[in-house]
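Tertiary structure, described
Each chain, letter by letter, is given below.
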Amino acid sequence: MKRIGIFVCHCGTNIAGTLDIERVVKEIERFPEVVYATDYRYMCSDPGQQLIRSHIREDKLDSVIVAACSPTMHETTFRRTAEAAGLNPYETEIANIREQASWVHQKQKEAATNKAIETIRTIVAKARYNESLTPFYLPLVKRALVIGGGIAGMQAALDVADAGYPVVLVEKSGRLGGRMAELSGLYLNFDAASGLLQSKIDAVQTHANIQVLTDAEVTEVGGYVGNFVVKVEQHAHESADDGQTAGPHTETVPYTFDIGSIVVATGYDLYDKARLGEYGGARYPDVIDGLQFEEMLRPDGPTGGQIVRPSDGKVPKEVVWVQCAGSRDPELHMPYCSKVCCMYVAKQAMLYKKRVPDGQATVFYIDIRTQGKGYEEFAQRAMEEYDVLYVRGKASKVFQENGHVTVWGVDTLTSLPIEVEADLVVLATATVPRSDALELGQRLRVGTDEHGFFSEAHPKLRPVESLTAGVFLAGAAQFPKDIPETVAQASGAASKVLSLFSQRQMVQEPTIAYVDPELCSGCGLCIPACPYEAREMHEWQHIAIVNTALCQGCGACTMVCPNKACQVRNLTHQQILSMMEAYL
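Read on for an overview of the structure.

Basis of the calculations
Residues numbered from 1 in each chain as written. Predicted model: local features only at pLDDT ≥ 70, side-chain atom pairs only at ≥ 80, totals over all residues. Heavy atoms only, no water. Phe/Tyr/Trp six-rings, centres within 6.5 Å; stacked < 30°, edge-to-face > 60°. Helix = DSSP H or I, 4+ residues; strand = E, 2+ residues; numbered from the N terminus. Buried < 20%, exposed > 50% of the residue type's maximum accessible area, 1.4 Å probe, protein only. Lys NZ or Arg CZ within 6 Å of the ring centre and 35° of its normal. Core = buried A, V, L, I, M, F, W, Y, C linked by side-chain atoms within 4.5 Å. Contact = heavy atoms within 4.5 Å. Axes fitted to C-alpha atoms, helices over the stretch in contact; angles between N-to-C directions. Left-handed = near helix turned anticlockwise from the far one by under 90°. Nonpolar A, V, L, I, M, F, W, Y, C, P; charged D, E, K, R; others polar. Pairing = 2+ DSSP bridges. Polar contact = N/O pair within 3.5 Å; in protein donor to acceptor, adjacent residues only side chain to side chain. Patch = residues over 30% accessible without salt bridge, like charges linked within 9 Å, V, L, I, M, F, W, Y side chains within 5 Å. Areas by Shrake-Rupley, 256 points an atom, 1.4 Å probe, with all protein chains shown as cover. Salt bridge = Lys/Arg side-chain N within 4 Å of Asp/Glu carboxyl O. Right-handed = clockwise from strand over helix to strand, strands pointing away. Expected span 1.5 Å × (residues − 1).

Right, let's get into the packing of aromatic side chains. Applying the stated criterion to the full structure yields 12 aromatic pairs. Here Tyr365 and Tyr390 contribute two aromatic rings whose centre-to-centre distance is 5.8 Å and whose plane-to-plane angle is 65 degrees, an arrangement assigned as edge-to-face. With a gap of 25 residues between them, Tyr365 in strand 16 (residues 360-365) and Tyr390 in strand 17 (residues 389-392) connect regions that are remote in the sequence. Overall, the relative accessible area of 14% leaves Tyr390 in the buried class. Counting every residue linked through ring pairs, the aromatic cluster contains Tyr187, Tyr375 and Phe378. Note that Lys397 overlies the ring of Phe399, its terminal NZ or CZ placed 5.5 Å from the centroid.

Rendered as structure tokens:
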């Protein structure tokens, strides 16, 4: 017989505002094996935790149930509280009576109270069969791999390397810098991107703790958090007599690294303008995308910083920017906002007016989205100080006529049609994932969303983590973002790596799957069912085994096992059935 204590949280009025807490406590006091039950305004507060600790000792509790909010919020908090009082932390359970009772039945007090009582009853039934578990301890390799040599990858690599840990930085192209190297300048102050970027590149290339591999790709990833085995192939070029790179790839140099943690910072591509037939993308030479215009603005670009028409080399006197070209268009193109377009269009329009003072800059827009410190003021400067004409309305068609590129649209503020005979049209095309993102994600066992961007573990609570332990995300590989946000996320990912490396050894949760060898028939159905590749057949016994380091306790194997040989610790079939019996 267990001695179970139950602690009901008011959560201010989040729970107590709907439930009859006094009745809940009276009912649960009668449950079998419950020796103590009480309530408190905020169980997660210091006094609330002290209340739990004191009664664990006074009433000699060997199991604790906290009826409160979701275990996602405070399960770790209450496990630590129980452990501090000498109770095994895995004898602590959370009964979610906030999200599953109070919040969803706010106008049904009696029904919500009854549901909360039954919810707690099922958790009591589960707690009777809980085991006192001990975490697994695994060795930890303190070397990081950063995939992608853009501003995100370099920032993450520097942060980790500056803390004293070795970093392997893998870049697919032949140079560092990523997309930032293609920019002419940065918005807000027009600082030259190349100068700022070069200092970062120099810091990376000269850092004693960073090994840079350009022209390289990650070809295989095995292992698990703290103990990844990563294979990289670097393509060596044939050198000409003058020492410069010449010819195609002639040799592949393989590398194998033991890695503790991985940061994915592979960047983005632009939506193929050839798919924008309504705008003449890839059909008319004087219809270009934002990066092509940046190339014109760069002093080291093919035009030497001169803005000219690709068709004839003349200076364009009328330039039209079409925002949301391929973005915010769920019917034909990408449904999401690409976030950076409004700002870089304002920057490009102002730089155009600086270099062609007698030129006219026109911007077709749906909405102006300037999210950041000083961003709104920057866009206003384009209109007020540089006389950039903003037309609220999406351009409907772009076509070539009489030596001009004509843009049709409608000004939605006046409901009047607009026709502009432009010399040059710049499409602010959608930001999309890299073409090889899905393939890389499969190698890393990292999921992608419906658009192909790498998926974070939780959009609010775990924004830089992937669902694969030890793999973190940085930059536009996760979703469109500008340079300040990219740098901030890269440092966030690096801090997660450093938090991991600060441990002496890896601690693995014990609430994972196991196999009962007496019941296992060796059918192997659990192996393909495991999304974490944590299952395999024993070398000489005809049974399945679990890689404890890879298992995340999702329970997929238990669903396909015909003999019920696969179970998850502290969520066994016996516990699930007992919870159902208690409820019914």
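Now that the structure has been shown, we can carry on.
The next point concerns the nonpolar core. In terms of nonpolar packing, the biggest core is built from 78 residues, with Leu145, Val230 and Ile262 touching the most fellow members. With eight residues, helix 6 (residues 151-162) is the largest single contributor of residues to this core. With residues up to four places along the chain from it excluded, the contact list for Leu145 reads Val168, Val170, Val218, Val230, Ile259, Ser261, Ile262 and Val263. Within the second largest apolar cluster, 41 residues are counted, among which are Val25, Ile65, Ala116 and Ile123.

Our focus in this paragraph is the packing of helix 8 (residues 290-297) against helix 9 (residues 341-355). Packing of helix 8 against helix 9 leaves a shortest axis separation of 11 Å and a crossing angle of 35 degrees. In terms of crossing hand, the pair formed by helix 8 and helix 9 is left-handed. Residues Gly290, Phe293, Glu294, Met296 and Leu297 of helix 8 touch helix 9, and the partners they reach there are Tyr344, Lys347, Gln348, Leu351, Tyr352 and Arg355. Class assignment of the residues belonging to the contact of helix 8 with helix 9 gives a composition of six nonpolar, two polar and three charged.

Once that is clear, we can look at the pairing of strand 12 (residues 261-264). Burial along strand 12 is two-sided: Ser261 and Val263 facing one way and Ile262 and Val264 facing the other are all buried. Bridge analysis of strand 6 (residues 144-147) against strand 12 gives four bridges, and the strand direction is parallel. Within strand 12, the residue paired with Val146 across the bridge is Val263. Summarising the sheet, strand 12 and strand 23 (residues 471-473) pair through three bridges and their orientation is parallel. Within the sheet, the bridge partner assigned to Ile262 lies in strand 23 and is Val471.

Turning next to unusual backbone geometry. Although it is not a glycine, Cys11 adopts a positive phi angle of roughly 50 degrees. Along the polypeptide, Cys11 turns up in the loop between strand 1 (4-9) and helix 1 (21-28). Given the relative accessible area of 12%, Cys11 is considered buried. Even without glycine at this site, Ser415 takes up a positive phi of about 60 degrees. You can see Ser415 is positioned in the loop between strand 19 (404-411) and strand 20 (416-422). On the basis of relative accessibility, which here comes to 57%, the residue Ser415 falls in the exposed class.

The next point concerns the environment of His207. Here His207 shows up in the loop between helix 7 (193-205) and strand 8 (210-213). C-alpha of His207 to C-alpha of Asp162: the two residues are 45 residues apart in sequence and 8.5 Å apart in space. Excluding its chain neighbours within four sequence positions, the residues that come into contact with His207 are Leu158, Ala161 and Asp162. Separated by 3.1 Å, the side chain of His207 and the backbone nitrogen of Asn209 make a polar contact.

Once that is clear, we can look at a nonpolar patch on the surface. A contiguous nonpolar patch, built from Leu571, Ile576, Leu577, Met580, Tyr583 and Leu584 and spanning about 650 Å² of accessible area, is present on the exposed surface. Structurally, Leu571 is set in the loop between strand 28 (566-568) and helix 15 (573-583). Judged by its relative accessible area of 41%, Leu571 falls in the partly exposed class.

Spatially, four strands are ordered 2-1-3-4 in an open sheet, and the strand pairing comes out parallel. Whereas interior strands pair on both sides, the edge strands pair on one side only; in this sheet they are strand 2 (34-40) and strand 4 (92-96). Geometrically, the sheet is characterised by an average inter-axis angle of 20 degrees between neighbouring strands, direction not taken into account. Sheet topology places strand 1 next to strand 2; six bridges connect them, and they run parallel.

Next up on the list: the sheet that holds strand 18 (residues 397-401). As a general point, the strands of a sheet are linked pairwise by backbone hydrogen bonds and lie either parallel or antiparallel. Read across the open sheet, the three strands follow the order 18-19-20; overall the sheet is antiparallel. The two strands at the open ends of the sheet, each matched to only one other strand, are strand 18 and strand 20. Each strand of the sheet is rotated relative to its neighbour by a mean of 25 degrees, with strand direction disregarded. Where strand 19 meets strand 20, seven bridges bridge the pair, whose relative direction is antiparallel. Pairing of Val407 across the sheet is with Val420, part of strand 20.

Our next topic: the environment of Pro357. Structurally, Pro357 is set in the loop between helix 9 and strand 16. Each C-alpha atom, one on Pro357 and one on Tyr386, is 8.9 Å from the other, the two residues being 29 residues apart in sequence.

Where burial is concerned, most of strand 16 is hidden: five out of the six residues are buried. Bridge count between strand 15 (residues 318-325) and strand 16: five bridges; the pairing is parallel. Across the sheet, the residue bridging to Val322 is Phe364, located in strand 16. Taken together, strand 15, helix 9 and strand 16 constitute a β-α-β crossover, and its handedness is right-handed.

Each full turn of the α-helix corresponds to 3.6 residues, which orients residues three or four apart in the same direction. For helix 2 (residues 46-58), built from 13 residues, the straight-helix expectation of 18 Å at 1.5 Å per residue is met to within 8% by its first-to-last C-alpha distance of 18 Å. What helix 2 keeps buried is the set Gly48, Gln49, Ile52, Arg53, Ser54, His55 and Ile56. Residues of helix 2 that are buried in the fold lie against strand 1, strand 2, strand 3 (63-68) and helix 3 (71-84). Phi turns positive, to about 50 degrees, at Lys60, one or two residues after helix 2.

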